[in-house]
Amino acid sequence: MSNENKPVRVYCDGVYDLFHLGHMRALEQAKKVLPNVYLLVGVCGDKIVHEKKGITVMTERERYESVRHCKWVDQVIEDAPWVIDQAFLDKHSIDYVAHDAIPYADAGADDVYAFVKSAGKFLATQRTEGISTSDLIGRVVRNYDVYLERNVKRGYTAQELNISQEKYDEVSKHK
């Protein structure tokens with residue numbers, strides 16, 4: 001039996017909060033980096049993300065499903081580890097790991113992908129400038145009052161918006 005047509009198993013991992021165009025483009029690059037790629041995407045769960053990076057906007061279930069519905073993704077690995085190791089690659093029969101090439105530090109490691117890079121199993125993707133989860137959150141923060149006003153007009157209560165009655169009354173005046 002020939003392995004010529006066997007898909008190359010490429011793995012990408014991340015948090016994928018506020019799943020956006022930058023994430024999609026990275027996954028598209030990983031899917032198209034070689035012919036016949038089976039793309040596995042690891043999405044870290046809430047427990048490890050909140051511990052390592054901080055609170056997310058989307059729950060882990062929302063993040064899993066957002067990634068699962070991306071057309072480039074063949075399989076989602078839920079509750080993926082923060083740092084992968086050889087045992088993880090072996091368990092999932094991963095041939096290559098794709099991620100942007102910027103060294104990603106974690107406690108005790110200058111670059112969590114160093115072992116994959118040194119083994120020649122790392123495929124670099126390019127980041128999409130001007131779009132990141134932090135950028136999106138920044139937009140929301142900058143336009144906070146506009147979004148509050150919009151949601152007050154839609155009928156949300158002060159309690160649902162987690163704002164004081166005084167702030168609610170102030171925003172309501174703009175109706």
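Residues numbered from 1 in each chain as written. Predicted model: local features only at pLDDT ≥ 70, side-chain atom pairs only at ≥ 80, totals over all residues. Heavy atoms only, no water.

Draft legend 1. The pattern of salt bridges, seen in detail. Tallied over the full model, the rule gives 13 salt bridges. A salt bridge links aspartate 74 to lysine 31; its shortest N-O distance comes to 2.5 Å. Taken together, the residues aspartate 74 in the loop between helix H3 (60-68) and strand E3 (75-80) and lysine 31 in helix H1 (residues 21-32) connect sequence positions 43 residues apart. A salt bridge links lysine 167 to aspartate 145; its shortest N-O distance comes to 3.0 Å. With lysine 167 in helix H9 (residues 165-172) and aspartate 145 in helix H7 (residues 144-153), this residue pair connects regions lying 22 residues apart in the sequence. Look at aspartate 145 and you get partly exposed, because its relative accessible area is 41%. Where salt bridges share partners, they join Arg61, Glu65, Arg68 and Glu78 into one cluster. (Salt bridge = Lys/Arg side-chain N within 4 Å of Asp/Glu carboxyl O. Helix = DSSP H or I, 4+ residues; strand = E, 2+ residues; numbered from the N terminus. Buried < 20%, exposed > 50% of the residue type's maximum accessible area, 1.4 Å probe, protein only.)

Draft legend 2. Quick peek at the packing of aromatic side chains. By the definition in use, this model includes four aromatic pairs. Where tyrosine 113 meets phenylalanine 122, the ring centres are 5.9 Å apart and the plane angle is 45°; that geometry is what we call tilted. Cation over ring: lysine 117 sits above phenylalanine 122, and NZ or CZ is 4.9 Å from the ring centre. (Phe/Tyr/Trp six-rings, centres within 6.5 Å; stacked < 30°, edge-to-face > 60°. Lys NZ or Arg CZ within 6 Å of the ring centre and 35° of its normal.)

Draft legend 3. Seen up close, the side chain of threonine 128. Take threonine 128: it is sitting in the loop between strand E5 (122-125) and helix H6 (133-142). The class of threonine 128 is buried, set by a relative accessible area of 17%. Beyond its immediate sequence surroundings of up to four residues, threonine 128 is in contact with Gly22 and Arg25. (Contact = heavy atoms within 4.5 Å.)

Draft legend 4. Expanded view of the side chain of threonine 133. Mapping threonine 133 onto the fold places it in helix H6. Under the relative-accessibility criterion, threonine 133 is labelled buried at 16%. Setting aside anything within four residues of it in sequence, one finds threonine 133 in contact with Asp17, Leu18, His20 and His23.

Draft legend 5. Local environment of the packing of H7 against H9. Contact geometry of H7 with H9 gives a least axis separation of 9 Å together with a crossing angle of 85°. Looking at the two axes, H7 sits roughly perpendicular to H9. Facing Tyr144, Asp145, Leu148, Glu149 and Val152 of H7, the residues of H9 in contact are Lys167, Tyr168, Val171 and Ser172. Along the lines of polarity and charge, the residues of the contact of H7 with H9 split into five nonpolar, one polar and three charged. (Axes fitted to C-alpha atoms, helices over the stretch in contact; angles between N-to-C directions. Parallel < 35°, antiparallel > 145°, perpendicular 65-115°, else oblique. Nonpolar A, V, L, I, M, F, W, Y, C, P; charged D, E, K, R; others polar.)

Draft legend 6. Geometry of the state of the cysteines. Counted under the stated rule, the structure contains zero disulfides. Residue cysteine 12 stays outside any disulfide, its sulfur separated by 10 Å from that of cysteine 70, the closest cysteine. (Disulfide = S-S within 2.5 Å.)

Draft legend 7. Summary view of the UniProt feature "domain: Cytidyltransferase-like" (unreviewed entry) in the chain. Residues annotated by UniProt as "domain: Cytidyltransferase-like" (unreviewed entry) correspond here to residues 11-138. As annotated, residues 11-138 has a helix share of 35% and a strand share of 21%, and its two end C-alpha atoms lie 29 Å apart. (UniProt positions renumbered as here; feature names shortened; annotations may be inferred.)

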